[in-house]
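Breakdown of the fold
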Amino acid sequence: MLRRSILFILCLAACDETVGGNQPVGGDVDTEAEIQRFLRRAYLDLTGKGPTDADLAASTARLRDAGNTPSARGELVGELLGKSAFTKVWVEELENGIFGGLDLDQHYRLICALTRGGEGSCNSCTQMDACLCTCAPMLPLKTQRDQLMTSATDMLAGTSSSKLEQRYAMASGYYALAGSPEGRVRALFDDFLSRTPEPDEIENGRSMVIFQNGFLNNTPIALMFHRHGASYADMIKIIFESEVYREAMVRRTFERYLARTPSSPELAHFTTTLSATDPDMRPVVRAVVSSREYFEQ
């Protein structure tokens, strides 16, 4: 009993010790295990795979020596965002979301097969990949697929995430299964704005879809987000240059990496930091993944 009392007194005494003014010892110091847990998660989230042993050792030492500050984590996260592995993962996640679980090649093979089945001029084509048929309806679909296949490389070269999403949204292969004009508007809102369109948005968007090739020399025929448009291309431009889209971009980032929606102040702050005409989600990802909240999850 006496021995236990002595140990208890010694433990209490240890809590009065200080290192560099910190009390108790180690109370605010991130352990190596905590840093490595963060690194494994960040690498997995941003590149699709964990760090190698060498990367883990080097990154752990780097953050530890820098005091594991937000700026140190931000620099490391920024480097991961600049890797081809990140752009590949980002594009794969985008395609998985807008193509209902399929990747680009699978989706376009399906669209081309359906198109060939309903087009007499393609009946003689026996290609396993219908997109490779040389009949007229297949040519634009193959061209689209080839262009979209460069998305990860283009993003690595500096193309913004919004420009890439617009590229997908404009492709007929994207909206081919949406059905009616109303269905296409709902798909756009669901895939890129993460919400259901209001009745007036459906009606105005429907008008722009119907007259997607222009109407009366591009005379404005509908209104969306306080801007007039005369075609489907106009609607895409309006959506992707809207504050609604930038807010959706911030929400998606928070939900993807923090598993929560942003607070009103967070939403307002990050939305205002994004370009009004060419927003890119990577600065928001960098801020979120290098945050203390992400570190401690």
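Presented here is a report on the structure given in the accompanying data block. Please read these numbers as outputs of a predicted model, since none were measured by experiment.

Looking only at helices and strands, the protein chain features 17 helices and two strands. Expressed as a percentage of the 297 residues in the protein chain, the buried residues total 40%. By element, 54% of the accessible surface of the protein chain is carried by carbon and sulfur atoms, the whole surface being about 15700 Å².

Before going further, it helps to examine the packing of aromatic side chains. Scanning the entire structure with this criterion turns up nine aromatic pairs. Seen from their ring centres, Phe38 and Phe295 are 5.5 Å apart, and the 45° between their planes marks the pair as tilted. Linking Phe38 in helix α2 (residues 32-47) with Phe295 in helix α17 (residues 292-296), this pair joins segments that are 257 residues apart in sequence. For Phe38, a relative accessible area of 2% corresponds to the buried category. Residue classification places Phe295 among the buried positions, given a relative accessible area of 1%. An aromatic cluster is defined as three or more aromatic residues linked by ring pairs; in this entry it consists of Tyr174, Phe192, Phe240 and Tyr245. Its guanidinium or amino end placed over the ring of Tyr175, Arg184 lies 3.6 Å from that ring's centre, counting from NZ or CZ. Directly above the ring of Tyr232 sits Arg184, whose terminal nitrogen or CZ lies 4.7 Å from the centroid.

Time to look at the state of the cysteines. Each disulfide is one covalent bond, formed between the sulfur atoms of two cysteines. Counted according to the given criterion, the structure contains three disulfides. In this model Cys112 forms its disulfide with Cys131; the gap between the sulfur atoms is 2.1 Å. The sign of the 95° torsion about the S-S bond sets the Cys112-Cys131 disulfide as right-handed. With Cys112 in helix α6 (residues 104-117) and Cys131 in the loop between α6 and α7 (138-148), the pair connects residues that are 19 residues apart, well separated along the chain. Of the two residues, Cys112 and Cys131, neither departs from the other in class, the shared state being buried.

Contact pair helix α14 (residues 243-258) / helix α15 (residues 264-273): the axes reach a minimum separation of 9 Å and the direction vectors enclose 120°. For the pair α14 and α15, the crossing hand works out as right-handed. Of the residues in α15, those in contact with Glu243, Arg246, Glu247, Val250, Arg251 and Phe254 of α14 are Glu266, Leu267, Phe270 and Thr271. Its residues placed into classes, the contact of α14 with α15 shows four nonpolar, one polar and five charged.

Reading the values: rules and limits
- Residues numbered from 1 in each chain as written.
- Predicted model: local features only at pLDDT ≥ 70, side-chain atom pairs only at ≥ 80, totals over all residues.
- Heavy atoms only, no water.
- Helix = DSSP H or I, 4+ residues; strand = E, 2+ residues; numbered from the N terminus.
- Buried < 20%, exposed > 50% of the residue type's maximum accessible area, 1.4 Å probe, protein only.
- Areas by Shrake-Rupley, 256 points an atom, 1.4 Å probe, with all protein chains shown as cover.
- Phe/Tyr/Trp six-rings, centres within 6.5 Å; stacked < 30°, edge-to-face > 60°.
- Lys NZ or Arg CZ within 6 Å of the ring centre and 35° of its normal.
- Disulfide = S-S within 2.5 Å.
- Axes fitted to C-alpha atoms, helices over the stretch in contact; angles between N-to-C directions.
- Left-handed = near helix turned anticlockwise from the far one by under 90°.
- Contact = heavy atoms within 4.5 Å.
- Nonpolar A, V, L, I, M, F, W, Y, C, P; charged D, E, K, R; others polar.

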